[in-house]
Amino acid sequence: MKIATAAYPLDWLDSWSQYEDKIAHWVSDAAGQGADLLVFPEYGAMELCTLAGANVAADLEQSLHAVSDRMEPVHDLHQKLAAEHGVYILGASAPVNDGYDRPVNRATLYAPNGKRGHQDKQIMTRFERDPWNVVPGDGLQIFETELGKIGILICYDSEFPLLGRALSECEILLVPSCTEALSGYWRVRIGAMARALENQCVSAMASLVGEAPWSEAVDMNTGMGGIFGPPDTGFPMTGVLAEGTLNHPGWTYAEVDMDAVAHVRADGVVLNRTHWEEQDSRVNSVTNSLV
């Protein structure tokens, strides 16, 4: 299978058809290169708030709800493109009002057979907590697909090992991200690579890139696409299957062999995933010593 992961720039949109054309072009481009799974970044849907005008786009509270109000046609568009091109698409995450007191940060996975599922962010960043007041949503999901078992850790979630461990059945972890600074990009990338190491799987990171001066929330974005595996049998010695160019919009592609995931889990040089539980007895026996 082939994974395409995006370095995606936000645009000011003057019409819904402009957004339709943009997403259709991105999906067509990746599908035309033979991609089976397309990964868009965290908060890539925030560009939809520009359709409500400059005042709404610039307002933290109003912009959340302006995006949420657009999500049904967004779902229809992505579902149509997934079926048309025969691909799986992880759509850019969006703030969604779904029965919670406050919006949640939700990424939706669209299958070519017309089905879809979603993953909500679990642990909120400082900005999401205050001043944005975006809250955690539904729990972690494992998606059974024709490509294999897929899990999603949205940006900051990738930095927490126990969340990754809860998805240890997955062969593929998707990490859509939105990071302002280079340091933030590397925090998420290190998390994505660490989860691939621990679970002996493939992780695919997508990033927002460039400036969006019309929004306080996503005004500056740094990153690139990247696809990682364990630096072990059947994978590159660096663990890097592919990486893009920093802040350069476009797709990053990697061929991924699910048999290689099964093999490294069964007979790698190390067996992190199998040996994970051996930590329990060791951490429970910590003692204090004076030297």
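Residues numbered from 1 in each chain as written. Predicted model: local features only at pLDDT ≥ 70, side-chain atom pairs only at ≥ 80, totals over all residues. Heavy atoms only, no water.

Q: Explain the side chain of glutamine 200 to me, please; I cannot follow it from the model alone.
A: Tracing the chain through its elements places glutamine 200 in the loop between helix H7 (182-199) and strand S10 (202-211). Looking at glutamine 200, its side chain comes within polar contact range of the main-chain nitrogen of arginine 273, at 3.2 Å. If sequence neighbours within four positions are ignored, glutamine 200 has contacts with Arg195, Pro230, Asp232, Val261, Val264, Arg265, Val270, Leu271, Asn272, Arg273 and Thr274. (Helix = DSSP H or I, 4+ residues; strand = E, 2+ residues; numbered from the N terminus. Polar contact = N/O pair within 3.5 Å; in protein donor to acceptor, adjacent residues only side chain to side chain. Contact = heavy atoms within 4.5 Å.)

Q: Looking at this structure, I do not really get the pattern of salt bridges. What am I missing?
A: Oppositely charged side chains can pair when the atoms bearing their charge come close. Using the criterion set out here, one finds 12 salt bridges in the structure. The shortest N-O distance in the salt bridge between glutamate 47 and lysine 22 comes to 2.7 Å. Of this pair, glutamate 47 sits in the loop between strand S2 (37-39) and helix H2 (54-58) while lysine 22 is found in helix H1 (residues 16-32), placing the two residues 25 residues apart along the sequence. For the pair glutamate 47 and lysine 22, one class covers both residues: buried. Its salt-bridge partner being arginine 106, residue aspartate 98 comes within 2.9 Å of it at the nearest N-O pair. Accessibility expressed as a relative area gives 40% for aspartate 98, which makes it partly exposed. For arginine 106, a relative accessible area of 8% translates into the label buried. (Salt bridge = Lys/Arg side-chain N within 4 Å of Asp/Glu carboxyl O. Buried < 20%, exposed > 50% of the residue type's maximum accessible area, 1.4 Å probe, protein only.)

Q: Sorry, what's going on with the UniProt feature "domain: CN hydrolase" (unreviewed entry) in the protein chain here?
A: If you check UniProt for "domain: CN hydrolase" (unreviewed entry), the listed places come out as residues 1-258 in our numbering. Taken end to end, residues 1-258 is 29% helix and 26% strand, and its two terminal C-alpha atoms sit 8 Å from one another. (UniProt positions renumbered as here; feature names shortened; annotations may be inferred.)

Q: Where do I start with a negative patch on the surface in this structure?
A: The grouping of Glu180, Glu211, Glu216 and Asp219 at the surface amounts to a negative patch. Counting through the fold element by element, aspartate 219 comes out in the loop between S10 and strand S11 (220-221). Classification of aspartate 219 by relative accessible area gives partly exposed; the value is 31%. (Patch = residues over 30% accessible without salt bridge, like charges linked within 9 Å, V, L, I, M, F, W, Y side chains within 5 Å. Areas by Shrake-Rupley, 256 points an atom, 1.4 Å probe, with all protein chains shown as cover. Lys, Arg positive; Asp, Glu negative; His and termini not counted. Charge placed at Lys NZ, Arg CZ, Asp CG, Glu CD.)

Q: What is the right way to look at a nonpolar patch on the surface in this model?
A: On the surface, a cluster of nonpolar side chains totalling about 370 Å² of accessible area is made up of Leu182, Trp186, Ile190 and Leu246. Within the secondary structure, isoleucine 190 sits in helix H7.

Q: For this particular structure, what's the right way to read the nonpolar core?
A: Within the largest apolar cluster, 47 residues are counted, with the highest numbers of intra-cluster contacts made by Leu38, Phe40, Ile89 and Val218. Broken down by secondary-structure element, the contributors of at least two residues to this core are strand S1 (2-9), H1, H2, helix H3 (60-68), helix H4 (71-85), strand S4 (94-96) and strand S5 (104-110). Not counting the four nearest positions on each side in its chain, leucine 38 is found in contact with Ala4, Val27, Ala30, Val87, Tyr88, Ile89, Leu90 and Trp251. In terms of nonpolar packing, the next biggest core, distinct from the first, is built from 36 residues, Leu90, Val188, Phe228 and Val261 among them. (Core = buried A, V, L, I, M, F, W, Y, C linked by side-chain atoms within 4.5 Å.)

Q: Just checking my understanding: could you explain the packing of H1 against H4 for this structure?
A: Packed helices, taken two at a time, are described by the angle their axes make and the gap between the axes. Two numbers describe how H1 lies on H4: the axes approach to 11 Å, and their chain directions differ by 30°. With respect to each other, H1 and H4 are oriented roughly parallel. Every pair of crossing elements has a handedness; the one defined by H1 and H4 is right-handed. In this structure, H1 contributes Trp16, Tyr19, Glu20, Ile23, Ala24, Val27, Ser28 and Ala31 to the contact, and H4 contributes Pro73, Val74, Leu77, His78, Leu81 and His85. Per-class residue counts for the contact of H1 with H4 are 10 nonpolar, three polar and one charged. (Axes fitted to C-alpha atoms, helices over the stretch in contact; angles between N-to-C directions. Parallel < 35°, antiparallel > 145°, perpendicular 65-115°, else oblique. Left-handed = near helix turned anticlockwise from the far one by under 90°. Nonpolar A, V, L, I, M, F, W, Y, C, P; charged D, E, K, R; others polar.)

Q: Would you take a moment to explain the pairing of S5 for this structure?
A: Regular strands show a simple pattern: their side chains alternate between the two faces of the sheet. Here S5 lies mainly inside the structure; seven of its seven residues are buried. Residues Val104, Arg106, Thr108 and Tyr110 point to one face of S5 and Asn105, Ala107 and Leu109 to the other, with burial holding for every one of them. Bridge count between strand S3 (residues 88-90) and S5: two bridges; the pairing is antiparallel. The residue bridging isoleucine 89 from the neighbouring strand is tyrosine 110, located in S5. As paired elements, S4 and S5 share three bridges and run antiparallel to each other. Bridging across to S5, valine 96 finds its partner in valine 104. Pairing of S5 with strand S6 (residues 116-120), which is carried by five bridges, proceeds in the antiparallel orientation. Its bridge partner being in S6, leucine 109 is matched across the sheet by glycine 117. Where S5 folds back onto S6 in an antiparallel hairpin, the turn is made up of five residues, including glycine 114, whose phi is positive at roughly 95°. (Pairing = 2+ DSSP bridges.)

Q: How do you make sense of the environment of isoleucine 154 when you look at a structure like this?
A: Among the structural elements, isoleucine 154 can be located in the loop between strand S8 (148-152) and helix H6 (161-166). Looking at isoleucine 154, the relative accessible area reads 0%, which means it is buried. Sequence-wise, isoleucine 154 and proline 41 are 113 residues apart; in three dimensions their C-alpha atoms are separated by 8.7 Å. Isoleucine 154 has contacts with Glu42, Asn105, Ala107, Gln119, Asp120, Lys121 and Pro176, leaving out every residue within four places of it along the chain.

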